[in-house]
Structure formats: structure tokens, C-alpha cells
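For reference, the chains in residue letters:
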Amino acid sequence: MVNEFDTIAAIATAVSNAGIGIIRISGSEAMTILGDIFKPYNEKKDPHHLESHRIYYGNIVDGDEIIDECIVLIMKGPNSYTREDVVEIDCHGGISVVYRILNLVISKGARPAEPGEFTKRAFLNGRMDLSQAEAVMDLIHAKNDMARKNSTSMLKGRLSEKIREIRSEILYQIAYIESALDDPEHISLDGYADTLEEYVDKWIKNVDTLLNSYDNGRIISEGIRTCIVGKPNAGKSSFLNALLGEERAIVTDVAGTTRDTLEESVTIDGITLNIIDTAGIRETEDTVEKIGVKKAKE
């Protein structure tokens, strides 16, 4: 069984040889683990009791062995991403170095974080709501600038704010009705039905607006599925190559060169197009080309 509040650790950067690699630790034992493996160059500093929101310079060590020279960032809860004690170790980005430090951290009592678990803890600890948690993933996978801006807006709570506003008005009207039922002598409901109907119409309109914005948001984040369709030798593959700026599709003067779908993505004016080049549509007796024509029509 996985304890949701164990101390967790994971590599926070892409796993490849790079200038910098980051190992993130979150949980009640984060500072204890750091104290066991980190030696600040300022020997007056106790590694178990480093100040929050400070960066320290030193070595990650395993006993007497120096593993790497690094800087360490301390963010104690609740003023951190997960609202727990968080430690980030910025080391050199070699794959061997990064995994060596991660394994050392795990050997000292942390467990490997599950995918998305840092954001999950931020949600469970009240740091963000579900729409903001989803925005984190959308921001990471944003394919274009419009998707990035949309995800950033969601992360700041734009959708949550609108939902809270509608919810607050509904709760107020419910409380008004209950109060009137409990104290009819002082709170009258005469003519209130018409007033309530206006409110309900407004709430439905606002919710519909939010629901209708879903498709636009999905297109911005995922891109528009864009199919190039036409007769053989109409220039479909040439068009794809021109958009991509490279010779991605084979182009010849032989009709039926393209027999299967070919998918690529390109961003134009901030919108991602997921382009699909298809086989030319015509009547043919070639078995393979028939399948390609069927895919194009689908």
C-alpha cells in the first residue's frame, strides 16, 4: 500500500545528459534526508536546519564519497508547491549523476513519486483545485503559445473563479428561501419567483458559456485535426512538405505514390494543425491503394 503522505522523491527534469538535473523531495522527512546527504561549504550551517526559501552551495555525499557539487533549494511547508517541506537538489545533469543522487535519497527513506504525485499532493493539501491541477499538465504539454496562455490562465484560477461566483449566488438564494420559510413574518417571498427565474436563467447561460468553451480550449491545446484530401497527383504531399519546410512525404509524378496516411504537426499563427496526408481518391484495382483510399474517405 502506498501512503499518500510518505516522503517522495523524483527527477524533475528531462532524463538526458544536460547541464543541470533536478531531484525534488517532498514530505515530512525531506529535511532529515537532506541533512544526511548534504554538506554545505559554509560549515557553520547545520544541514538539518537550513532556512526556508534559501539556496545553499555544497556537496552531496554518501558517507565519505562526494557524489556531486550542487546547490540546494529549501521551501518549507506550507509555503511550497505541495504545502509540505520541499527540497530541490540542482546537480550536474549527467544521467548517471542524477540517478545516483535519486537512489541515495530513496535509500535514506524516501520512496519514488508516482506520476503527477507532487501536483496530487498540492491538490490534496488545498494548494490548488482540480481545474488548476489539470492546467499544470496542460501547460507542460502545451504545443503552441495560445495553449500556453490558456493553461496559464487556468492555473491562475480563471475557471475556478467563475464557478465559485455561480456557486456563491446559488447558495445565497438557497439561504434566502430557507430564511423566508423559517421566518415568513419578516421575510416575504411575494414576487420572488420572478426574481429567482431571472437568476436561474443567468446561471444556465453562464454554465452553457463555460461548457461551450470546452471545444475551443481542446482545439487550442490539442490542435486541429487537418486532413489533406484530393485526387492523385493533385499536390497533396507537396503541400504537406511546403507547410513543414522539409521533404517529409515522398513526391513523384506516379499517381498513387501515397498509399497510407502520414501525420505531422505544424504551428501556424499560434494554432497547431495536426496534418494528415492521404492517398489520392480514385477508383483502383490495387488492393493496397484501395485501403489507402478508404482511409482517406474515413
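Everything quoted here is computed from the prediction, not taken from an experiment.

Moving on, we come to the overall build of the chain. If you tally the helices and strands in the chain, you get nine helices and ten strands. The C-alpha radius of gyration computed for the chain amounts to 29 Å, which surpasses the reference 19 Å derived for 298 residues by more than 25%, pointing to a less compact arrangement than a globule. Seen through its principal axes, the chain has C-alpha atoms that stretch 80 × 80 × 35 Å. Burial analysis of the chain (298 residues in total) assigns 34% to the buried set. The long-range share in the chain, meaning contacts at least 24 apart out of those at least 6 apart in sequence, stands at 52%. In the structure as shown, the chain presents an accessible area of about 18300 Å², 53% of it carried by carbon and sulfur atoms.

The mixed open sheet is built from three strands, whose spatial order is β8-β10-β9. In this open sheet, the two strands that pair with only one neighbour each are β8 (224-228) and β9 (262-268). If you compare each strand with its neighbour and ignore which way they point, the axes differ by 30° on average. Both β9 and strand β10 (residues 271-277) contribute to a ladder of seven bridges, which runs antiparallel. Paired with E263 across the strands is I276, a residue of β10. Along the sheet, helix α8 (residues 236-244) contacts β8, β9 and β10; its crossing angle with β9, the most-contacted strand, is approximately 45°.

Looking now at the pattern of salt bridges. Where charged atoms of side chains with opposite charge meet at close range, the side chains can pair. Following the criterion strictly, the structure yields eleven salt bridges and no others. Here E84 makes a salt bridge to R121, at a shortest N to O gap of 3.0 Å. With E84 in the loop between β5 (65-75) and β6 (86-93) and R121 in helix α3 (residues 117-124), this pair connects stretches of sequence that are 37 residues apart. The two residues E84 and R121 agree in class, both being buried. A network of salt bridges, in which partner residues are shared, links D6, E84, R111, E117 and R121.

It is worth spelling out the side chain of D68 at this point. Within the secondary structure, D68 is located in strand β5. Buried charged residue D68 carries no salt bridge. Nearest counter-charge: R100, at 11 Å. Side chain to side chain, D68 and H92 meet in a polar contact 2.8 Å long. When sequence neighbours within four positions are dropped, the list of residues in contact with D68 reads G58, N59, I60, C91, H92, V97 and I101.

How each quantity is defined
Residues numbered from 1 in each chain as written. Predicted model: local features only at pLDDT ≥ 70, side-chain atom pairs only at ≥ 80, totals over all residues. Heavy atoms only, no water. Helix = DSSP H or I, 4+ residues; strand = E, 2+ residues; numbered from the N terminus. Rg over C-alpha atoms; globule rule 2.2 N^0.38 Å. Buried < 20%, exposed > 50% of the residue type's maximum accessible area, 1.4 Å probe, protein only. Contact = heavy atoms within 4.5 Å. Areas by Shrake-Rupley, 256 points an atom, 1.4 Å probe, with all protein chains shown as cover. Pairing = 2+ DSSP bridges. Axes fitted to C-alpha atoms, helices over the stretch in contact; angles between N-to-C directions. Salt bridge = Lys/Arg side-chain N within 4 Å of Asp/Glu carboxyl O. Lys, Arg positive; Asp, Glu negative; His and termini not counted. Polar contact = N/O pair within 3.5 Å; in protein donor to acceptor, adjacent residues only side chain to side chain.

These values are about where atoms sit, not about what they do.
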